[in-house]
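A structural walkthrough
Chain by chain, the residues run as shown.
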Amino acid sequence: MREVEMTVPHLFRCPISLDLFTDPVTLCTGQTYDRSSIEKWLAAGNLTCPVTMQKLHDPSLVPNHNLRHLIQQWRQMDHRFGPDYFTAIDPLVSLKHCLQSPQSTFQEKLEALQKIQLLTDQTPSTNPFLIQIGFLPLLLQLSFQMVDPEFSQDYMNFVEQGLICVLKLLPYGELESLNMLKQESKLESLVVLFEHGSIMMKQSLCHLVGVISSSSSTRELCAMIGKHPRFLNLIVCVVNQNNEASETGIKAISALCCLESNRGKLVQQGLIDALVTYMLNSERSLAAMAMAILEQVLGIERAKEALIKNPNGVKAVVKMVFRVSEHEGSESAVNSLMMVCRESLEAREKAIVAGVLTQLLLLLQSQCNGRTKTKATTLLKLL
């Protein structure tokens, strides 16, 4: 028995029981334990991570399916792994220890994070190993812990690199790890980082919101973000800015609109005016996505009123009816005009002044699909 125990790699042992994992689960600190061992620890009234001694603001236990699968592979191979495995894994364990250790200086942690970013960029094959040893929750914890009020350059670099690594690892990991952001302090950190961070940081956070909105396991978190008016206002403002973050802002808003409850909140924060401004810029590559978002929210009366009230609102939609370069967005534009023109004489007059009749005739002569042509004919009759 002693000989068998000695052959168990240290990565496969629970830090509490020192036995082979049977049901590995990961804490918000990124440390993995066997479920029965950590549940006993927590049931005894302990509110810290046994290894790092960090206070557990979120006691959730996330199943580490990747590590469980790896242990199953190891057992099927008669308790043997090739030398390449441990050659790859040991340096990663050292990097994780550096990031976790209270004795590590900020500069040492920054250098460790830079090495991890290089690995995720240049050697994607290491990403599953990073997941197996709990890097995803650890990086989330480090990125959204207490915000540096001075926003020093080192701090900005650390968070930027941390978020990039998180986004690289998410396709390999358990999205439940993102639910740590449901903690009030972590969600507030997300908002502050978005408000004061660099363009790169804003882009990463927009991508993160997109991932959160795409999974059923983080649907509650998506709803919580939708109830945060300050964050919604910030993301709507990003769409109005003529920079690289505008595109990711559009994608994040499109993702947030998967929940009907989020749509009304976004409209309250000025979404309609932002979409109009975005679509009027002919160089915007996601104009069709912006048009689809507008169509989605026009079921809300306040959204219709805001579109008609905006001096360029109806004009922006008319512009999207027919574009020489592409037909993407045409059907959404026609549907949107039907929604606002059906009950509003003012909207119909604005559409005609904006040249909607010419746009519709050009659309009918184009190669667009039959469904769009049918709707365009219906809109012509309405006008």
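What comes next concerns the included structure. Please read all numbers here as calculations on a predicted model, not as lab measurements.

Structural notes on the overall build of the protein
If you tally the helices and strands in the protein, you get 22 helices and three strands. Dimensions of the protein along its principal axes, counting C-alpha atoms only, are 85 × 45 × 40 Å. Put simply, the protein has 383 residues, and 51% of those count as buried. Sequence separation of 24 or more characterises 69% of the internal contacts of the protein that already satisfy a separation of 6 or more.

Looking at the layout of surface pockets
Within this model, the largest pocket holds a volume of roughly 330 Å³. As for the largest pocket, its lining consists of 18 residues, and the residues nearest its centre are His10, Leu11, Pro15, Gln31 and Lys96. The element contributing the most residues to the lining of the largest pocket is helix H4 (residues 83-100), with four residues. The residue makeup of the lining of the largest pocket, split by class, is nine nonpolar, seven polar and two charged.

Regarding the pattern of salt bridges
Where side chains of opposite charge bring their charged atoms close, a pairing between them can arise. Taken as a whole, this structure holds ten salt bridges when the rule is applied. Arginine 230 is paired through a salt bridge with glutamate 195; the nearest N and O atoms lie 3.1 Å apart. On the criterion of sequence distance, the pair formed by arginine 230 in helix H12 (residues 229-240) and glutamate 195 in helix H9 (residues 184-196) is long-range, its members being 35 residues apart. Of the residues examined, arginine 230 reaches a relative accessible area of 33% and is grouped as partly exposed. In this structure glutamate 195 comes out as partly exposed when scored by relative accessible area, which is 34%. The residue glutamate 346 makes a salt bridge to lysine 350 at a minimum N-O spacing of 3.6 Å. Placement of both glutamate 346 and lysine 350 in helix H20 (residues 345-353) is noted, with a separation of four residues, approximately one turn of the helix. Relative accessible area serves as the criterion here: at 42%, glutamate 346 is assigned to the partly exposed category. Judged by its relative accessible area of 25%, lysine 350 is partly exposed. A single network of salt bridges, built from pairs that share partners, joins Asp23, Arg35, Glu39 and Arg68.

Points about the packing of aromatic side chains
Overall, the coordinates contain three aromatic pairs when judged by the stated rule. Each ring, one from phenylalanine 106 and one from phenylalanine 158, has its centre 5.4 Å from the other, and the planes form 40 degrees; the classification is tilted. With phenylalanine 106 in helix H5 (residues 106-122) and phenylalanine 158 in helix H8 (residues 153-169), this residue pair connects regions lying 52 residues apart in the sequence. Of the residues examined, phenylalanine 106 reaches a relative accessible area of 38% and is grouped as partly exposed. With a relative accessible area of 4%, phenylalanine 158 lands in the buried category. A centroid spacing of 5.1 Å and a plane angle of 70 degrees characterise the contact between phenylalanine 194 and phenylalanine 231, whose relative ring orientation is edge-to-face.

Cut-offs applied
Residues numbered from 1 in each chain as written. Predicted model: local features only at pLDDT ≥ 70, side-chain atom pairs only at ≥ 80, totals over all residues. Heavy atoms only, no water. Helix = DSSP H or I, 4+ residues; strand = E, 2+ residues; numbered from the N terminus. Buried < 20%, exposed > 50% of the residue type's maximum accessible area, 1.4 Å probe, protein only. Contact = heavy atoms within 4.5 Å. 1 Å grid on protein atoms, 1.4 Å probe; cavity = no way out; pocket = protein on both sides within 12 Å on 5 of 7 lines; lining within 4 Å. Points joined across faces, edges and corners; volume = space filled by probe spheres on them. Nonpolar A, V, L, I, M, F, W, Y, C, P; charged D, E, K, R; others polar. Salt bridge = Lys/Arg side-chain N within 4 Å of Asp/Glu carboxyl O. Phe/Tyr/Trp six-rings, centres within 6.5 Å; stacked < 30°, edge-to-face > 60°.

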